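Residues per chain, in single letters:
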Number of protein chains: 2
Amino acid sequence: MAVPNKMLAARLTAHGGPGALELVDAPVPSPAAGEVLVRVDAAALNNTDLWTREGAYGLPGDPHARSGWRGPIDFPRIQGADVAGVVVRLGSGVDSRMHGIRVLVDPANYDQDGDDANPVGLLGSERNGGYARYVTVHADRAHNVEGSPLSNTELACLPTAYGTALGMLERGRVQAGETVAVTGASGGVGLALVQLAAARGATVIAVSSAGKLSAVRHAGAHEVIDRATDPWQQIGSTAADGVDAVLDVVAGTGITTGLPSLREGGRWVVAGALGGYQIDLDIRRLYLHNIVLLGSSMHTPAHFRTLVDIAKRGYVRPVVAATYELADIHRAQADLAARKHVGKLVLVND
Amino acid sequence: MAVPNKMLAARLTAHGGPGALELVDAPVPSPAAGEVLVRVDAAALNNTDLWTREGAYGLPGDPHARSGWRGPIDFPRIQGADVAGVVVRLGSGVDSRMHGIRVLVDPANYDQDGDDANPVGLLGSERNGGYARYVTVHADRAHNVEGSPLSNTELACLPTAYGTALGMLERGRVQAGETVAVTGASGGVGLALVQLAAARGATVIAVSSAGKLSAVRHAGAHEVIDRATDPWQQIGSTAADGVDAVLDVVAGTGITTGLPSLREGGRWVVAGALGGYQIDLDIRRLYLHNIVLLGSSMHTPAHFRTLVDIAKRGYVRPVVAATYELADIHRAQADLAARKHVGKLVLVND
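Here we look at the overall build of chain A
Okay, step 1: Check the secondary structure of chain A and you find 10 helices and 19 strands.
Okay, step 2: Expressed along its principal axes, the backbone C-alpha trace of chain A runs to roughly 60 × 40 × 40 Å.
Okay, step 3: Within chain A, the proportion of its 350 residues that are buried is 61%.
Okay, step 4: Within chain A, residue pairs in contact and separated by at least 24 positions form 71% of the contacts whose partners lie at least 6 positions apart.

In structure tokens:
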């Protein structure tokens, strides 16, 4: 596999609008000791790409500060968290059997060793990512997926969206026989939540916009609710004793309105704030009912191994809404921001 | 044990100020099937008594509504959750060996059977309580504490304050070797948290008011911080990598200010809102760091059994600030509201 010296890459030069992301002819990076060079065959888009570009994460004590999710971004930065591809070069000290292997990349940097480490960095944010033809990653983040029945495009959908969804289900201890409500159910994480929750035997009530309800139902939701029609009141009447968990990527006023829809001891798991990050919370409604508000960011190493197992067995099939060439990254990000699709948007390299 | 027909009792006639609680000559209740009549030898006061009297719990969607913690109170209601005493009469179907036994009463009504049931009612709120000479309770809530080295006054301190503290530690999974911050550390629940957390091998940083710091340190806190001196900044410098858990009965602005003091994946456990219930929360600060905000109300049946074991072994000695006769209930509640004491206030019957 001949590797050129230069490649097309989309990199951020600063926080800002679409123009802050520029297509450049960049050098192909060299894998350092313990790293591998991965040829990017497919790279999925995520909302975090938009928020990182915009610097929409704020800082403690300064909610309007422009910042990446973990603090300042070291520009220029090639975006893109989700990479499926092939190992084409090895840094020193890497097992030579990795060469030529089809891999799915775990995009996380972790704060410690062990199965339950916390993610404190992300490909495309704290190091260069997959909006490019090649990317270097730590060898132990490149997981062998030889034999997976999923296409490269489908594989690339998994790391951030399905990793985040799996992290939410695991941290929220969602089990077979429970009833869960999923917000933002047509998005990348939302649809992954619907599929993964249903696959583990939970009853899924999904909230989405009117035009997307049939697609969400097709993905496995048992009940679908138009978000424009007082969804929490409807969830309250669908699950009279309250739902066991809410799996929420929207936040905003929904947390205040929806909290009484949880059963005694229920869990509200949040992994995003599409509907607004500033929450007005009557803490009595939480503590008097033993309710838990769980923040959930990405996955742990243990969750990612489960995801690789899902990829190998193909028991969940990601929903791909559209594919793009890397050169069309601006159109792809605009489509992502417009939210008219259901499922994942993926960059595909020939 | 002769039981009279009438007894002194302090009962609420409505929500309101001290005058809403009236001392009356009430009939001694009869135990129904499955219940026992307990002679109240000691009954501790709790903040929930004040909040129930005032109706300070609000309702979902109506934060200023006057309400008990679980909704409307069925007046008149004898207050008092924490009872230590002796079983003096048995309802039908109760094991005759319970007669004459020294007991500690679990004040909870639960929503289901099993070890992990949620409390959905409280003695003195959803049924008549221990601000009286006698009280009826379900027989299986009257736990045998024969042989406990604790006095009746000490025993009566345990159910609500130590039950709530134990519930917070268990739900927050506080373990030996962890560092925890305790707010409101001189109060009933706060001091119980300090004692129980230290007893399980955690390092305790306690926040309290200046005049009470030495008493809090004496109870087992490893570090004490004056709450008037920017405590979260101090906690941040004491535990540079962040504390593992915050055990909080104050809430208010402290949640917003203190959240960055938690380590990645840390737990903030709330069981009260002495400092205000309306929380202004940037949900990104929660989810980007895998932080969990746990509401914790009272204890489970499993927690209460642990508490009874603590009572029998006497390995934690509750701190009694002052004792009162039932006839002095108004002075006792006024002292509780003034918060000049450290530890528990207890009504003691001769």
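Here's the deal with the side chain of Asp49 of chain A
All names here are of chain A.
Okay, step 1: Inspection of the secondary structure assignment puts Asp49 in helix α1 (residues 47-54).
Okay, step 2: Within the buried set, Asp49 has no salt-bridge partner at all; the shortest N-O distance to an opposite charge, 7.4 Å, is to Lys344.
Okay, step 3: Among all residues touching Asp49, those that are not within four sequence positions of it are Ala44, Gln79, Gly80, Ala81, Tyr131 and Gln333.

Some remarks on the relation of the copies chain B and chain A
In this structure, two copies of a chain are linked by a rotation about an axis accompanied by a shift along it.
Okay, step 1: Mapping chain B onto chain A is achieved by rotating through 180 degrees and translating by 0.0 Å along the same axis, at an RMSD of 0.0 Å. On this basis, the relationship between the two copies can be described by a two-fold rotation axis.
Okay, step 2: Of all interface residues in chain B, 100% are interface residues in chain A too; the two copies therefore contact each other through one and the same surface.

What about the sheet that holds strand β2 (residues 21-27) of chain A?
Pairing between the strands of a sheet is mediated by backbone hydrogen bonds and can be parallel or antiparallel.
Residues and elements named next belong to chain A.
Okay, step 1: Here 3 strands make up an open sheet; going across it, the order is β2-β1-β4 and the pairing antiparallel. Two strands close off the open sheet at either side, each with one partner strand: β2 and β4 (77-78).
Okay, step 2: The strands that helix α10 (residues 329-338) touches are β1 (6-12) and β2; relative to β2, the one it contacts most, it runs at about 140 degrees.

Things to note about the nonpolar core
Okay, step 1: Residues Ile283 and Leu293 of chain A together with Ile283 and Leu293 of chain B are the most contacted members of the largest nonpolar core, which totals 166 residues.
Okay, step 2: When residues no more than four places from it in sequence are discounted, the contact partners of Leu293 of chain B are Leu281, Ile283, Leu286, Ile291, Val292 and Leu293 of chain A together with Trp268, Val270, Leu281 and Leu286 of chain B.

Section: the domain arrangement of chain A
Residues and elements named next belong to chain A.
Okay, step 1: According to the domain assignment, chain A contains domain 1 (6-161 + 299-348) and domain 2 (173-295).
Okay, step 2: A C-alpha centroid distance of 27 Å is found between domain 1 and domain 2.
Okay, step 3: Contacts between the two partners involve 17 residues from domain 1 and, on the opposite side, 15 residues from domain 2.
Okay, step 4: Of the roughly 1300 Å² buried between domain 1 and domain 2 on both sides combined, carbon and sulfur atoms contribute 65%.
Okay, step 5: Among the residues of domain 1 in contact with domain 2, Ala161, Arg339 and Val342 are the three that bury the most area, contributing 37% of the side total.
Okay, step 6: At the boundary of domain 1 and domain 2, one finds 0 salt bridges.

Examining the interface of chain B and chain A
Okay, step 1: In this assembly, 47 residues from chain B lie in contact with 47 residues from chain A.
Okay, step 2: Approximately 3700 Å² of surface area, both sides summed, lies buried where chain B meets chain A, with 53% of it carried by carbon and sulfur atoms.
Okay, step 3: Three residues, Arg284, Tyr287 and Asn290 of chain B, lead the burial of chain B against chain A; their summed loss comes to 19% of the area buried on that side.
Okay, step 4: At the boundary of chain B with chain A, the tally comes to 2 salt bridges.
Okay, step 5: In this structure, the salt-bridge partner of Glu264 of chain B is Arg70 of chain A, at a minimum N-O distance of 2.6 Å.
Okay, step 6: There are 31 residue pairs in polar contact (both at pLDDT 80 or more) connecting chain B and chain A.
Okay, step 7: In terms of residue class, the side of chain B that touches chain A is built from 26 nonpolar, 11 polar and 10 charged.
Okay, step 8: Across 5 bridges, strand β16 (residues 278-282) of chain A lies against strand β16 (residues 278-282) of chain B in antiparallel orientation.

Some points on the environment of Ile101 of chain B
All names here are of chain B.
Okay, step 1: Relative to the helices and strands, Ile101 is located in the loop between β5 (82-90) and β6 (102-105).
Okay, step 2: According to the relative accessible area criterion, Ile101 is buried, its value standing at 18%.
Okay, step 3: Other than its neighbours up to four places away in sequence, Ile101 contacts Gly85, Val86, Val87, Asn144 and Glu146.

Considering the sheet that holds strand β4 (residues 77-78) of chain B
All names here are of chain B.
Okay, step 1: In spatial order, the strands read β2-β1-β4; together these 3 strands make up an open sheet with antiparallel pairing. Of all the strands in the sheet, the pair left with one neighbour each is β2 (21-27) and β4.
Okay, step 2: Here helix α10 (residues 329-338) sits on the sheet in contact with β1 (6-12) and β2, set at roughly 140 degrees to β2.

Parameters and conventions
- Residues numbered from 1 in each chain as written.
- Chains lettered and ligands numbered in written order.
- Predicted model: local features only at pLDDT ≥ 70, side-chain atom pairs only at ≥ 80, totals over all residues.
- Heavy atoms only, no water.
- Helix = DSSP H or I, 4+ residues; strand = E, 2+ residues; numbered from the N terminus.
- Buried < 20%, exposed > 50% of the residue type's maximum accessible area, 1.4 Å probe, protein only.
- Contact = heavy atoms within 4.5 Å.
- Lys, Arg positive; Asp, Glu negative; His and termini not counted.
- Salt bridge = Lys/Arg side-chain N within 4 Å of Asp/Glu carboxyl O.
- Least-squares fit on C-alpha atoms with pLDDT ≥ 70 in both.
- Pairing = 2+ DSSP bridges.
- Axes fitted to C-alpha atoms, helices over the stretch in contact; angles between N-to-C directions.
- Core = buried A, V, L, I, M, F, W, Y, C linked by side-chain atoms within 4.5 Å.
- Domains from an automatic or database assignment.
- Buried area = accessible area lost by both parts, 1.4 Å probe.
- Polar contact = N/O pair within 3.5 Å; in protein donor to acceptor, adjacent residues only side chain to side chain.
- Nonpolar A, V, L, I, M, F, W, Y, C, P; charged D, E, K, R; others polar.

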